[in-house]
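# Chains, contacts and geometry: an overview
Residues per chain are reported as follows:
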Amino acid sequence: MSDLFDYARAQRAEKNAPLAVRMRPRTLDEFVGQDEIVGRGRLLRRSIEADRLSSIILWGPPGVGKTTLANVIANSTQRHFTTLNAVTSGIADLRKVVEEAKERLGMYNQRTVLFVDEIHRWNRAQQDALLPHVENNTVVLIGATTENPFFSLVGPLLSRSRVFRLQPLTDDQVKLLVRRALTDPERGYGDRSILLDEGALEHIVYVSGGDARSALNALELAVDTTEPDAGGVVRVSLEVAQESIQKRAVRYDKGGDEHYDTISAFIKSVRGSDPDAALYWMAKMIHAGEDPRFILRRMMILASEDIGLADPNALVVVASAAQAFEWVGMPEGTYFLSEACLYLATAPKSNSAGAVWAALSHVETHGTGPVPPYLRDKSGTFGGTTRERYQETMGDMGQYKYPHDFPGGWVEQTYLPLDMEPPGWYQPKEIGYEREIQRIMAGRRKPDRK
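What counts and what doesn't
Residues numbered from 1 in each chain as written. Predicted model: local features only at pLDDT ≥ 70, side-chain atom pairs only at ≥ 80, totals over all residues. Heavy atoms only, no water. Helix = DSSP H or I, 4+ residues; strand = E, 2+ residues; numbered from the N terminus. Buried < 20%, exposed > 50% of the residue type's maximum accessible area, 1.4 Å probe, protein only. Contact = heavy atoms within 4.5 Å. Areas by Shrake-Rupley, 256 points an atom, 1.4 Å probe, with all protein chains shown as cover. Salt bridge = Lys/Arg side-chain N within 4 Å of Asp/Glu carboxyl O. Pairing = 2+ DSSP bridges. Axes fitted to C-alpha atoms, helices over the stretch in contact; angles between N-to-C directions. Lys, Arg positive; Asp, Glu negative; His and termini not counted. Polar contact = N/O pair within 3.5 Å; in protein donor to acceptor, adjacent residues only side chain to side chain. Parallel < 35°, antiparallel > 145°, perpendicular 65-115°, else oblique. Left-handed = near helix turned anticlockwise from the far one by under 90°. Nonpolar A, V, L, I, M, F, W, Y, C, P; charged D, E, K, R; others polar. Phe/Tyr/Trp six-rings, centres within 6.5 Å; stacked < 30°, edge-to-face > 60°. Lys NZ or Arg CZ within 6 Å of the ring centre and 35° of its normal. pLDDT = per-residue confidence, 0-100. Core = buried A, V, L, I, M, F, W, Y, C linked by side-chain atoms within 4.5 Å.

## Remarks on the overall build of the protein chain
When its secondary structure is counted, the protein chain shows 21 helices and 9 strands. Within the protein chain, the fraction of its 450 residues that count as buried is 41%. The long-range share in the protein chain, meaning contacts at least 24 apart out of those at least 6 apart in sequence, stands at 72%. As displayed, the protein chain has an accessible area near 25700 Å², and 52% of this comes from carbon and sulfur atoms.

## Some remarks on unusual backbone geometry
Cis rather than trans, the peptide bond between Met 330 and Pro 331 has omega equal to 10°. A positive phi is found at Asp 51, a non-glycine position, where the angle reads about 55°.

## Remarks on the pattern of salt bridges
A complete count under the given rule lists 21 salt bridges for this structure. With a closest N to O distance of 3.5 Å, Asp 291 and Arg 293 form a salt bridge. Judged by relative accessible area, which is 36%, Arg 293 ranks as partly exposed. Several salt bridges converge on common partners, so that one network encompasses Arg 26, Glu 30, Asp 184, Glu 186 and Arg 187.

## With respect to the environment of Arg 444
Here Arg 444 shows up in the segment after helix 21 (433-443). Classification of Arg 444 by relative accessible area gives partly exposed; the value is 34%. Between the C-alpha atom of Arg 444 and that of Val 411, which follows or precedes it by 33 residues, the distance is 8.7 Å.

## Some details on the sheet that holds strand 3 (residues 112-117)
As summarised here, the arrangement of the 5 strands in space is 2-3-4-1-5, forming an open sheet in which the pairing is parallel. Of all the strands in the sheet, just strand 2 (80-85) and strand 5 (162-165) have a single pairing partner and so form its edges. Neighbour to neighbour, the strand axes of the sheet diverge by 20° on average, direction disregarded. Each of strand 3 and strand 4 (139-145) touches helix 7 (residues 124-135); the most contacted strand, strand 4, lies at about 135° to it.

## A short note on the environment of Leu 219
With respect to the secondary-structure elements, Leu 219 resides in helix 12 (residues 212-224). The spatial distance from the C-alpha of Leu 219 to the C-alpha of Ala 200 is 9.4 Å, given a sequence separation of 19 residues. Apart from the residues lying within four places of it in its own chain, the contact partners of Leu 219 are Leu 19, Val 178, Ala 181, Leu 182, Tyr 189, Leu 196 and Ile 204.

## Description of the side chain of Lys 66
Counting through the fold element by element, Lys 66 comes out in helix 5 (residues 66-76). There is no salt bridge for the buried Lys 66, and the closest opposite charge comes from Asp 117, which lies 6.6 Å off by N-O distance. Separated by 2.9 Å, the side chain of Lys 66 and the backbone oxygen of Pro 61 make a polar contact. If we skip the residues at most four places from it in the chain, Lys 66 touches Leu 58, Trp 59, Gly 60, Pro 61, Ala 144, Thr 145, Thr 146 and Leu 166.

## Side note on the packing of helix 16 (residues 292-307) against helix 18 (residues 334-346)
Between helix 16 and helix 18, the least distance of the axes is 11 Å, while the angle of their chain directions is 20°. In this view, helix 16 runs roughly parallel relative to helix 18, as classed from their interaxial angle. Judged by the sense of rotation from one axis to the other, the crossing of helix 16 with helix 18 is left-handed. Of the residues in helix 18, those in contact with Pro 292, Ile 295, Leu 296, Met 299, Leu 302, Ala 303 and Ile 307 of helix 16 are Leu 337, Ala 340, Cys 341 and Leu 344. Its residues placed into classes, the contact of helix 16 with helix 18 shows 11 nonpolar, no polar and no charged.

## Focus on the packing of aromatic side chains
In this structure the tally under the stated criterion is 3 aromatic pairs. Ring geometry for Trp 59 against Phe 150: centres 6.4 Å apart, planes inclined by 75°, an arrangement best described as edge-to-face. Residue Trp 59 is found in strand 1 (residues 56-59), and its partner Phe 150 is found in helix 8 (residues 149-152); the two are separated by 91 residues along the sequence. You can call Trp 59 buried: its relative accessible area is 8%. On the basis of relative accessible area, Phe 150 is assigned to the exposed category, the value being 54%. Each ring, one from Phe 81 and one from Phe 115, has its centre 6.5 Å from the other, and the planes form 25°; the classification is stacked. With Phe 81 in strand 2 and Phe 115 in strand 3, this residue pair connects regions lying 34 residues apart in the sequence. Its end group placed over the ring of Trp 59, Arg 165 keeps NZ or CZ at 4.1 Å from the ring centre.

## A closer look at the packing of helix 6 (residues 91-108) against helix 7
Between helix 6 and helix 7, whose axes approach to 10 Å, the crossing angle comes to 10°. Judged on the interaxial angle alone, helix 7 and helix 6 are roughly parallel. Each of Ile 91, Leu 94 and Val 98 in helix 6 lies in contact with helix 7, whose residues at this interface are Ala 125, Gln 126, Ala 129, Leu 130 and His 133. Here the contact of helix 6 with helix 7 is composed, by residue class, of 6 nonpolar, 2 polar and no charged.

## Let's talk about the confidence of the model for the protein chain
On average, residues of the protein chain score 85 in pLDDT, and 88% of them are at 70 or above. Confidence drops under a pLDDT of 50 for residues 4-8, and excluding neighbours within four residues, the segment shows 0 contacts in the predicted structure. Counting interchain partners and residues more than four positions distant, the pLDDT-below-50 stretch residues 380-386 has 6 contacts.

## Considerations on the nonpolar core
In terms of nonpolar packing, the biggest core is built from 30 residues, with Val 178, Leu 196, Leu 219 and Val 236 touching the most fellow members. The element contributing the most residues to this core is helix 12, with 7 residues. Residues in contact with Leu 196, not counting those within four places in the same chain, are Val 178, Leu 182, Leu 201, Ile 204, Leu 219 and Val 236. Phe 294, Leu 296, Leu 302 and Ala 345 belong to the second largest nonpolar core, which has 25 residues in total.

The following block contains the structure:
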């Protein structure tokens, strides 16, 4: 009797589930997208169809089919399928699953597939607890994560699993899923008269940003909150669609892969002198709630690393923008971020300030030479020894040439250790202010010097 009640509850739960859950594909033929992974002839598809699946990690943004693919595998395998959510489950839950898997294997020779949703939420100890059971094949793991598994999962677990990266769905693929939901009489709205304006469909697809769940949730909200007309038709107009999905979701995790990918795109766009692209990636970060101070710090680094003396004011502008932001805050502080971003993106570029790394490398490799005698301090004491006594011991310290005593404030003089050849680490470029620096330095070279 309890089985009958359980079945009835399951049926009601399925009927009352959100549209996105009801419309999840049940077979590989119904699955939409990810052809590089589950297209005909692909490795993962062959493994699923042959029921020879080994442990895998499904990595991708929300709404691209990770959980759906796990459900397809559950419907395709003869193995027992069980699910844990890393947010709500811990080691105790894992131990229970493992014990049941061992018992099932011993009594019925049936193996177990364990799906761990949001597996990146498990800490190292929890992941380590899973490791031996994956290694000895007590369970076959399917892990789903929105974060880069090469950062969020322990190495031994990764080495025993194959990582598959899922991509955002295309607009056409999202449209296909929305239209399927409108026409499916069993799980969707096929038994109702619903008219979805083309403009409304385009808006839902665009704002969903490749996230099928977001698109279906928006469709469900639009349909369920719209009264049918006199003929019983529910018409979803563009205005209704705009209310149902007002803001495009931004895939961005401040501690994850999207964070690093986006700041990388921003830096490369500024370095590449594309102000529109730089503003686009910065807008994405601001919209997603990134700390503006983080953006300003990265711009400070870029001002020296990629612009340097080609425009010495670059660092001044960013530093001023950072100070102004501290005084004003958001949202008006967005102007300071924009001004700094546009200044850097349009400034001449030079990476010559990176010459310091060559100097550091030389010091680390060769050590440091003695300071030339005429550059040494001639006042005070050294370790209790007077300068005069030091000079008697070390000999004549030579004559230092004071540059301001010479025309132009410059005089030929060796400032490196006396046995070191000039390395030429700093090479100003023929761009921006560095063109002037190059001219000045060229005028100071002797004819026999390069």
